[in-house]
Amino acid sequence: MNVYLLLLIQLALLIEVQASIGEGQTLENYLWEQTKEIRQQALKANLIYGMKEKCLDPSEFGGYMVDDTVYCYEGSKSLKIAGQRSGDNVTLQNFLEMESVTWFGYWEWLNEIWHINNTEGVRLGEEASAYMNHIRNVAENEMPVYTILALTPCARLWPWLGQQLGSGTNNFGLYTSWVETNLVPGSTGYMEYQQHVQWAYEEGLVTVEKALEIYTTSMQFEVEFFNSVERCEPSQCNS
């Protein structure tokens, strides 16, 4: 999907939704509820569908994983940039720097698996590149805590997808191991992200409108990234 069309869709969603949080509701839970339609799109997206139906072309999966490896590397850099812009907020700065190290660890692990010596040699797909640019733009131009917010949809969406698919119970053929490793229903890592965002919201550092804009864009890019692989047909599977 054209990036400009994506932004138009995002704006339409923002117009349809009133930016008001219910009593006792956290900001991130509000954002999660407001993007539930996009979440359903993710569940039906090409990558997830292909794994569920056991028909995903391994070459398509490989291309996705190479892009995802670079995404981890660039995500680490974005977190580091946001941390350096955190000023005298030592707690936020330390968290962003620790997350940067964690994400760099993901990069190191994946580049061994996919034999990537450096990111400069990878010809990224349009969807992955646009997603990374979105995160980098937030890291460089918005309040640092918004970088955490921009990465929260991924952190919360993947466990939810695992729950919907029956990760740990169902068979996904060649992709069973990947699903069980990456789409883990019980994963609660996003909650630490949520805590930092909620604190910033309660301190008046984050607005509902800006949060919804960034969160919605990240969630939509998750769908677009999943859809960057070619859709397969169940008849193609070798179960």
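For the structure, check the block above.
Conventions adopted
Residues numbered from 1 in each chain as written. Predicted model: local features only at pLDDT ≥ 70, side-chain atom pairs only at ≥ 80, totals over all residues. Heavy atoms only, no water. Helix = DSSP H or I, 4+ residues; strand = E, 2+ residues; numbered from the N terminus. Rg over C-alpha atoms; globule rule 2.2 N^0.38 Å. Patch = residues over 30% accessible without salt bridge, like charges linked within 9 Å, V, L, I, M, F, W, Y side chains within 5 Å. Areas by Shrake-Rupley, 256 points an atom, 1.4 Å probe, with all protein chains shown as cover. Salt bridge = Lys/Arg side-chain N within 4 Å of Asp/Glu carboxyl O. Axes fitted to C-alpha atoms, helices over the stretch in contact; angles between N-to-C directions. Parallel < 35°, antiparallel > 145°, perpendicular 65-115°, else oblique. Left-handed = near helix turned anticlockwise from the far one by under 90°. Contact = heavy atoms within 4.5 Å. Nonpolar A, V, L, I, M, F, W, Y, C, P; charged D, E, K, R; others polar. Buried < 20%, exposed > 50% of the residue type's maximum accessible area, 1.4 Å probe, protein only.

Caption draft 1: Just the overall build of the protein chain, in detail. Looking only at helices and strands, one finds eleven helices and zero strands in the protein chain. In sequence order, the secondary structure elements of the protein chain are arranged as α-α-α-α-α-α-α-α-α-α-α. Here the C-alpha atoms of the protein chain give a radius of gyration of 18 Å, agreeing with the 18 Å that 2.2 N^0.38 yields for 239 residues. Overall size of the protein chain, expressed as C-alpha extent along the three principal axes, is 55 × 40 × 35 Å.

Caption draft 2: Looking closely at a nonpolar patch on the surface. A contiguous nonpolar surface patch, about 270 Å² in accessible area, is contributed by M143, W199 and L205. Relative to the elements of secondary structure, L205 occurs in the loop between helix 10 (190–202) and helix 11 (208–226).

Caption draft 3: Spatial organisation of the packing of helix 8 (residues 145–165) against helix 11. Two elements in contact, helix 8 and helix 11, have axes separated by 9 Å at closest approach and are oriented at 45°. Comparing the axis directions of helix 8 and helix 11 gives the class oblique. Judged by the twist between their axes, the crossing of helix 8 over helix 11 is right-handed. Here helix 8 contributes Y146, L149, A150, T152, P153, C154, L157, W158 and L161 to the contact with helix 11, which in turn contributes K210, A211, I214, Y215, S218, M219, E222 and F226. A class-by-class count of the residues in the contact of helix 8 with helix 11 yields 13 nonpolar, two polar and two charged.

Caption draft 4: Examining the pattern of salt bridges more closely. This model, assessed by the stated rule, comprises four salt bridges. The salt bridge partner of K210 is E142, with a shortest N-O separation of 3.4 Å. Separated by 68 residues along the polypeptide, K210 in helix 11 and E142 in the loop between helix 7 (126–141) and helix 8 bring together distant segments of the chain. On the accessibility criterion, K210 (24% relative accessible area) is partly exposed. Counted as one network, the salt bridges with shared partners bring together E142, K210 and E213.

Caption draft 5: Representation of the side chain of S218 in the model. Its place among the elements puts S218 in helix 11. Exposure remark for S218: the relative accessible area of 0% places this residue in the buried category. Ignoring any residue separated from it by four or fewer positions in sequence, one finds S218 in contact with Y131, H134, I135, A150 and P153.

Coordinates in, geometry out; function isn't part of it.
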